[in-house]
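# Per-entry structural report
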Amino acid sequence: MSRHAVWPILLAFALGACSDSTGPIDDDDDGPLPPNLTLRLEPFLSGAGLSSPIFLAQALDDGRIFVVMQSGRIEIAENGVLQATSFLDIRSRVLSGGERGMFSVAFHPQYATNRYFYVCFTEDVSGDIRVERFTTSATNPEVADPTTSKLIIEIPHPTYENHNGGLVTFGPDGMLYIGLGDGGSPSDAAGNSQNRNALLGSLLRIDVDTGDPYAIPADNPYAAGGGRGEVWAKGLRNPWRFSIDEPTQMLHIADVGQNAREEVNAQLYTAGGLNYGWPIMEGMNCYPPGTTGCTQTGLTLPALDYARAGGSCSVTGGYVYRGTAIDGLQGHYLYSDYCGGWLRSFRMSGGAVVDEKDWAITPAVDRPRSFGVDFDGELYIIGVTTIDKIVAGS
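Report on the accompanying structure. In this text, all values refer to a predicted model and were calculated from it rather than measured experimentally. Each chain has its residues counted from 1, running along the sequence as written. Totals for whole chains, interfaces and linings use every residue, but because this is a predicted model, local features are given only for residues with pLDDT of at least 70 and side-chain atom pairs only at 80 or more, for both listing and counting. Each side-chain value is worked out from all heavy atoms of the structure, with water and hydrogens disregarded.

### With respect to the sheet that holds strand E9 (residues 129-136)
Definition in use: In this scheme, strands are said to pair when DSSP sees at least two bridges between them. In DSSP terms, a helix is any run of H or I states spanning at least four residues, a strand is any run of E spanning at least two, and both are numbered starting from the N terminus. Fitted lines through C-alpha atoms give the axes, limited to the stretch in contact for helices. The angle between two N-to-C directions lies from 0 to 180 degrees.
Pairing is antiparallel across the open sheet formed by four strands, whose spatial order is E7-E8-E9-E10. In the strand order of this sheet, the two ends are held by strand E7 (102-107) and strand E10 (144-155), each with one partner. Going from strand to strand, the sheet's axes swing by 25° on average, the running direction of each strand aside. Direction of pairing for strand E8 (residues 116-122) relative to E9: antiparallel, over a ladder of seven bridges. Counterpart to phenylalanine 117 in the pairing with E9 is phenylalanine 134.

Next up, the structure:
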């Protein structure tokens, strides 16, 4: 079954779920790793055309894989080869470099019929974060029409170039989720992450199928007041990558730390109004380092954190594996670190992290920036100049 085929089932379940629940749902079909399972990286894309890749996605079960380049292009790969013509090229509108650029693409759940897709990028003049909708050409599915650009939301990012976040993805509920960093500077100097009226330092949830350009879902935690209606969760520093595992409804947010700790949060994606703690907490520790007795009331602590030691510096969040090619890996969340270059995984069971595994990939990935998933649930890891597919070891 494709990953899209289960959406109607999960949508019915999600609408009946308690929005204030914070406990994870475990998939009884998932289990411990087979003792002899190994993983390796199989080259998927490389070469001169692969210029600063930053995200990968598949829209339909048609063999085409879309690769986002930080500069502001989206390319199509077929049979492991980049096509000569860009799917979308808006480089003239994108401020790229450092932590700025085009970050991700999300294809509408009805992309096959409406041809809508959404991109998140930093705007060329101001550096503000924009999410825009584009439409694929009616006559040529290999090319999008840049003149169809429609602004969905713009978030001012006035002072610093870092902590943009930048992932957009559709949930099984059909809502568009947007991860936003705290706006940059050490220690969230602007106070965005704990400010419910600030969009920065948040996970947003909006309805792009209702209203123009979007509507606030009625079950968002501040839809009736008390904060910005778009806000779904607060207390985030730089949620560069997050993902929703449809079978278990688990939302995994990999939030980049300040100086000492990196974290992965794991909660039901239907649980709105959570506060992940930044800058009161960095990982599971009080912030700044050395602080004791910080008030943790009302905060949701990460499922897992790790120290910036042994060369690690910035968590790169991935996905729960739901493919079929690697038997026994199903239900395990894979993640990495930009400086560490390693590949690790864990599984949630009974609300706790179990089966932690370091896969000892050699050589290490060169500055892994993102993971990708195809229509069949197989996973890819994106380095600065290469994209590899994660496969079972031989």
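### Structural notes on the pattern of salt bridges
Let me state the cut-off plainly: Each salt bridge in this description consists of a side-chain nitrogen of Lys or Arg and a carboxyl oxygen of Asp or Glu lying within 4 Å of one another. Only protein chains enter the area calculation, which uses a 1.4 Å probe; residues under 20% of their type maximum are buried, those over 50% are exposed, and those in between are partly exposed.
Applying the stated criterion across every chain yields a total of 19 salt bridges. Linking glutamate 142 and arginine 64 is a salt bridge whose minimum nitrogen-to-oxygen distance equals 3.7 Å. On the criterion of sequence distance, the pair formed by glutamate 142 in the loop between E9 and E10 and arginine 64 in the loop between strand E2 (53-57) and strand E3 (65-69) is long-range, its members being 78 residues apart. One salt bridge in this structure joins lysine 150 and aspartate 212, with 2.8 Å as the shortest N-O distance. Here lysine 150, found in strand E10, pairs with aspartate 212, found in the loop between strand E13 (202-206) and strand E14 (231-234); they are 62 residues apart in sequence, far enough to count as distant. Of the residues examined, aspartate 212 reaches a relative accessible area of 62% and is grouped as exposed.

### Focus on the sheet that holds strand E24 (residues 343-349)
Spatial strand order, E22-E23-E24-E25: four strands in an open sheet with antiparallel pairing. Edge positions in the sheet fall to strand E22 (315-316) and strand E25 (352-358), since each of these pairs with one other strand and no more. Here five bridges tie E24 to E25, and the two strands are oriented antiparallel to one another. Its bridge partner lying in E25, arginine 344 is registered against aspartate 358.

### Digging into empty space enclosed by the protein
Where we set the bar: The distinction between a cavity and a pocket rests on a 1 Å grid over the protein atoms alone: a 1.4 Å probe fits inside a cavity but cannot get out, while a pocket stays open yet meets protein on both sides within 12 Å along at least five of seven lines, and a residue with an atom within 4 Å of a point counts as lining. Grid points are joined across faces, edges and corners, and a volume is the space filled by probe spheres set on the points.
Within this structure, the stated rule accounts for two cavities of 30 Å³ or more. Considered as a void within the structure, the largest cavity measures approximately 90 Å³ in volume. Listing elements by their share of the lining of the largest cavity, those giving two or more residues are strand E16 (250-255) and E24. The greatest single-element share of the lining of the largest cavity, amounting to three residues, is contributed by E24.

### Some remarks on the nonpolar core
As a reminder of what qualifies: Here, nonpolar core means buried Ala, Val, Leu, Ile, Met, Phe, Trp, Tyr and Cys residues that are tied together by side-chain atoms lying within 4.5 Å of each other. Throughout, a contact is declared for two residues whenever any of their heavy atoms are within 4.5 Å.
One finds Ile74, Phe117 and Leu176 to be the most contacted residues of the largest nonpolar core, which totals 92 residues. Sequence-distant contacts of leucine 176, that is, excluding residues within four places in its chain, are made with Ala106, Tyr118, Val131, Val168, Thr169, Phe170, Leu204, Arg205, Ile206 and Val208. Counting eleven residues, the second largest nonpolar core, distinct from the first, contains Leu56, Ala77, Tyr380 and Ile382.

### Observations regarding the packing of aromatic side chains
Centre distance and the angle of the planes are the two values used to describe a pair of aromatic rings. For the record, the criterion: In this scheme Phe, Tyr and Trp rings, the latter by its six-membered ring, pair at centre separations within 6.5 Å, and the angle between planes marks the pair as stacked below 30 degrees, edge-to-face above 60, and tilted otherwise. A ring is scored as having a charge over it whenever the NZ atom of a lysine or the CZ atom of an arginine sits within 6 Å of its centre and within 35 degrees of its normal.
For the structure on display, the rule yields 17 aromatic pairs. On the basis of an interplanar angle of 75° and a centroid distance of 5.3 Å, the ring pair of tyrosine 306 and tryptophan 342 is categorised as edge-to-face. With tyrosine 306 in strand E21 (residues 304-307) and tryptophan 342 in the loop between strand E23 (333-337) and E24, this pair connects stretches of sequence that are 36 residues apart. Side by side, tyrosine 306 and tryptophan 342 carry an identical accessibility label, which is buried. Ring centres of tyrosine 335 and phenylalanine 346 lie 5.9 Å apart, and the angle between their planes is 65°; this geometry places the pair in the edge-to-face category. In this pair, tyrosine 335 is assigned in strand E23 and phenylalanine 346 in strand E24, connecting sequence segments eleven residues apart. Given a relative accessible area of 1%, phenylalanine 346 falls into the buried group. Sitting over the ring of tryptophan 232, arginine 205 keeps its end group 4.5 Å from the ring centre.

### Comments concerning the state of the cysteines
The criterion, for reference: Here, two cysteine sulfur atoms that lie within 2.5 Å of each other are counted as a disulfide.
Under the definition given, this model contains two disulfides. Across the disulfide from cysteine 286 sits cysteine 294; the S-S distance is 2.0 Å. What sets the handedness of the cysteine 286 and cysteine 294 disulfide is the S-S torsion sign, and at about -80° it is left-handed. Judged on exposure class, the residue cysteine 286 and its partner cysteine 294 are both buried. Here cysteine 313 engages in a disulfide with cysteine 339; their sulfurs sit 1.9 Å apart. Where cysteine 313 bonds to cysteine 339 through sulfur, the torsion about that S-S bond is close to 80°, and the disulfide is right-handed. Of this pair, cysteine 313 sits in the loop between E21 and E22 while cysteine 339 sits in the loop between E23 and E24, and the two are 26 residues apart along the sequence. Sequence-ordered numbering of the disulfide-bonded cysteines in the chain gives the connectivity 1-2, 3-4.

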